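The residues making up each chain are set out below.
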Amino acid sequence: MPFFELVPRRILPADPNEDNFPLDWSPPVSRLDSFIRRLTAQKLLIERAVELVADVPGPVLELGLGMARTFDHMRTLMPEREIFAFDNVVVAPIDMLPDAHHFILGEIRETLAFCGPRVGAPAALLHNDIGSGDEIHNAATRAWLAPLVPKRMAPGGVVITSFTMELPGYEKLPVPDGVSANRYHFYRAPRS
Ligand SMILES: C[S@@+](CC[C@H](N)C(=O)[O-])C[C@H]1O[C@@H](n2cnc3c(N)ncnc32)[C@H](O)[C@@H]1O
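Residues numbered from 1 in each chain as written. Predicted model: local features only at pLDDT ≥ 70, side-chain atom pairs only at ≥ 80, totals over all residues.

1. Digging into the environment of Arg191
Stage number 1. Here Arg191 shows up in the segment after strand 7 (185-188).
Stage number 2. Judged by the 10 C-beta atoms lying within 10 Å of it, Arg191 falls in the exposed class.
Stage number 3. Spatially, the C-alpha atoms of Arg191 and Val56 are 9.7 Å apart, while their sequence positions differ by 135 residues.
Stage number 4. Residues within four places of Arg191 in sequence aside, it is in contact with Pro155 and Gly156. (Helix = DSSP H or I, 4+ residues; strand = E, 2+ residues; numbered from the N terminus. Buried ≥ 20, exposed ≤ 12 C-beta atoms within 10 Å, placed from the backbone. Contact = placed C-beta atoms within 7 Å.)

2. Quick word on the sheet that holds strand 5 (residues 153-161)
Stage number 1. The strand order across the open sheet formed by seven strands is 3-2-1-4-5-7-6, and the pairing between neighbours is mixed. Looking along the sheet, the strands with just one partner apiece sit at the ends: strand 3 (103-105) and strand 6 (171-173). Recorded for the sheet is a direction-independent mean angle of 20° between the axes of neighbouring strands.
Stage number 2. Here strand 6 pairs with strand 7 via three bridges, running antiparallel. What sits directly across from Lys172, in strand 7, is Tyr187. (Pairing = 2+ DSSP bridges. Axes fitted to C-alpha atoms, helices over the stretch in contact; angles between N-to-C directions.)

3. Structural notes on the confidence of the model for the protein
Stage number 1. Model confidence for the protein is summarised by a mean pLDDT of 91, while 86% of its residues fall at 70 or above.
Stage number 2. Contacts for the low-pLDDT stretch residues 1-5, under 50 throughout, to residues beyond four places or in other chains number one contact.
Stage number 3. Under a pLDDT of 50 for its full length, residues 7-11 has, in the predicted model, three contacts with residues more than four places off or in other chains. (pLDDT = per-residue confidence, 0-100.)

4. A look at the site of the ligand
Stage number 1. Near the ligand you find 16 residues, and of these Gly64, Gly66, Met67, Arg69 and Asn88 are the closest.
Stage number 2. Within the residue set of the shell around the ligand, elements represented by two or more residues are helix 2 (69-77), strand 2 (83-87) and helix 3 (108-114).
Stage number 3. Class assignment of the residues belonging to the shell around the ligand gives a composition of seven nonpolar, four polar and five charged. (Near = placed C-beta within 6 Å. Nonpolar A, V, L, I, M, F, W, Y, C, P; charged D, E, K, R; others polar.)

5. Some details on the nonpolar core
Stage number 1. Counting 34 residues, the largest nonpolar core has Phe86, Leu125, Leu126 and Val159 as its most contacted members.
Stage number 2. Residues within four places of Phe86 in sequence aside, it is in contact with Glu62, Leu63, Gly64, Leu65, Ile104, Ile108, Thr111 and Leu112. (Core = buried A, V, L, I, M, F, W, Y, C linked by C-beta atoms within 7 Å.)

6. Structural notes on the pairing of strand 7
Each regular strand shows side chains that alternate between the opposite faces of the sheet.
Stage number 1. A two-sided burial pattern is seen for strand 7, the buried positions comprising His185 and Tyr187 on one face and Phe186 and Arg188 on the other.
Stage number 2. Relative to strand 7, strand 5 runs antiparallel, the two being bridged by four bridges. Of the residues in strand 7, the one forming a bridge with Ile160 is Phe186.

What follows is the structure, given as structure tokens:
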């Protein structure tokens, strides 16, 4: 097989001098660029959310502890807040784990519904990081997750989510500059 047939078509560079150069062409986004954009967006959104909830009392809910990257960023920015992290597996480095009281292990579909007595107060900030690149999976998750969220949120609380959610009465906030509008979504609970 000739070498050029091994090169995926979509990464061949387009030549802007060609007559048939498409006007809407943009360089392909590599997996590395996509990952960097995702982490940059999360950082910008979390930092904006911290400002927005400065006057909203309550803990933070981190849905999807994963490797604890966003958890650690949030606890660095909000050392005074309790942060409850949810996951159904433990994959974070051991020194990044929350203590046992603040780590809620299990299926979020079940634990979020029943975490009230442990969490103790409505949340100022909820960060949903259990989405995936699969729209069908996101749609299925959205269907059970969105109805559970309002019960957990304080008035004026902020929701950061990697997929859209139907949150009645919530204001959809613009995402900060530097975050693609379709990549992350920002909602604010009504004040009363
Ligand atoms: C993208 S990772 C989270 C990354 C993490 N926020 C970080 O910054 O390192 C998603 C995590 O959500 C967890 N997760 C996904 N769906 C879940 C569910 N239904 N219940 C509990 N945990 C879930 C996965 O186990 C995974 O660790």
